[in-house]
Amino acid sequence: MDESGNPLYPSIIHWDRRSIKQARKALALIGKERFLRLAGNLPYPGGISLTGLLWLKERETAISRRPSNSDT
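None of the values given here were measured: they were computed from a predicted structure.

Rules used throughout
- Residues numbered from 1 in each chain as written.
- Predicted model: local features only at pLDDT ≥ 70, side-chain atom pairs only at ≥ 80, totals over all residues.
- Heavy atoms only, no water.
- Helix = DSSP H or I, 4+ residues; strand = E, 2+ residues; numbered from the N terminus.
- Buried < 20%, exposed > 50% of the residue type's maximum accessible area, 1.4 Å probe, protein only.
- 1 Å grid on protein atoms, 1.4 Å probe; cavity = no way out; pocket = protein on both sides within 12 Å on 5 of 7 lines; lining within 4 Å.
- Points joined across faces, edges and corners; volume = space filled by probe spheres on them.
- Nonpolar A, V, L, I, M, F, W, Y, C, P; charged D, E, K, R; others polar.

A. Representation of the environment of Arg24. Note on placement: Arg24 falls in helix H1 (residues 20-30). A relative accessible area of 58% places Arg24 in the exposed class. Each C-alpha atom of the pair Arg24 and Thr51 lies 9.2 Å from the other, and the pair is 27 residues apart in sequence.

B. Region of interest: empty space enclosed by the protein. Counting across every chain of the model gives 1 cavity of 30 Å³ or more. Lining the largest cavity are Ile12, Asp16, Arg18, Ser19, Gly52 and Trp55. In terms of residue class, the lining of the largest cavity is built from 2 nonpolar, 2 polar and 2 charged.

Any link to function would need more than the numbers given here.
Following this line, the structure appears as structure tokens:
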């Protein structure tokens, strides 16, 4: 959401599986056991915020580059 509370992108819900690549990358980078120990869950596409946020960062670069009020 922007500083006025408007959505920057449509909601990504639990049925959304577009972030499978990002989930696999997170597991490869961190490891299944360590990820589970640190987060308490695994990076399941659509099941946790991390995978959707990574997908947005890769696919919707304008959103992740937007300055926030705290950046000014």
